[in-house]
Amino acid sequence: MRLEKCWFCSSTVYPGHGIQFVRNDAKIFRFCRSKCHKNFKMKRNPRKVKWTKAYRRLHGKDMTQDATFEFERKRNRPERYDRNLTENTLKAIKTIDKVRSRREETHHKNRMKGKVAKERKEARKEHDQQLHMLIAPGAMVKDTSAAKVTVKVQHESDENRMEE
């Protein structure tokens, strides 16, 4: 069973699914669904369409360079069937999937590291801009009549006290 990649969004195309387009120069384009085929016909660039793998990789949302991607490459060289080799390959696939998922999690954590501080900063900025909505209107007005009363106290000198 051969699993192909969609030319537009890079998702897997299973046998019997999707659309295949052959250009005049015999170049084959496989698409996973009509959405990808229509975008291709509209001559859209997959690197500029936000939901594609190409966009996510180009803008740092997905991992781009990793040794585990090397195992996913297509190889056209036929191999003689060997039971031990097949068994070892299947074991290796499981461990590679675990390694890749762990690396993707760390990549995601590193991407989201500054997000909390950024959100807090934006919330503080919005709070400062909308402060007039939080404080009661009467509290903003400064009332001078009841604010401070100053009392002057006159001290008598010691000489004046002695005379009395």
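Everything quoted here is computed from the prediction, not taken from an experiment.

K.L.:
Describe the side chain of H37, and please don't skip the residues or the numbers.
P.N.:
Within the fold, H37 resides in helix α1 (residues 34–41). Classification of H37 by relative accessible area gives buried; the value is 14%. With residues up to four places along the chain from it excluded, the contact list for H37 reads I19, F21 and F31.

K.L.:
How would you summarise the UniProt feature "domain: TRASH" (unreviewed entry) in the protein if you had to cite specific residues and measurements?
P.N.:
Residues given the UniProt feature "domain: TRASH" (unreviewed entry) here are residues 6–44. Secondary structure content for residues 6–44 is 21% helix and 26% strand, and the end C-alpha separation is 15 Å.

K.L.:
How would you sum up helix α4 (residues 115–129)? Please name residues and give values.
P.N.:
Over its 15 residues, α4 extends 21 Å from the first C-alpha to the last, a length consistent with the 21 Å expected when each residue adds 1.5 Å. Buried residues are scarce in α4, accounting for zero of its 15 residues.

K.L.:
Mind laying out the pairing of strand β4 (residues 28–31), listing which residues take part and the relevant values?
P.N.:
Of the two faces of β4, only one is covered, namely that formed by F29 and F31; the face formed by I28 and R30 stays uncovered. Here strand β3 (residues 19–22) pairs with β4 via four bridges, running antiparallel. For F21, the partnering residue across the bridge sits in β4 and is F29. Linkage of β3 to β4, two consecutive antiparallel strands, is achieved through a turn of five residues, within which A26 is found at a positive phi near 65°.

The rules behind the values
Residues numbered from 1 in each chain as written. Predicted model: local features only at pLDDT ≥ 70, side-chain atom pairs only at ≥ 80, totals over all residues. Heavy atoms only, no water. Helix = DSSP H or I, 4+ residues; strand = E, 2+ residues; numbered from the N terminus. Buried < 20%, exposed > 50% of the residue type's maximum accessible area, 1.4 Å probe, protein only. Contact = heavy atoms within 4.5 Å. UniProt positions renumbered as here; feature names shortened; annotations may be inferred. Expected span 1.5 Å × (residues − 1). Pairing = 2+ DSSP bridges.

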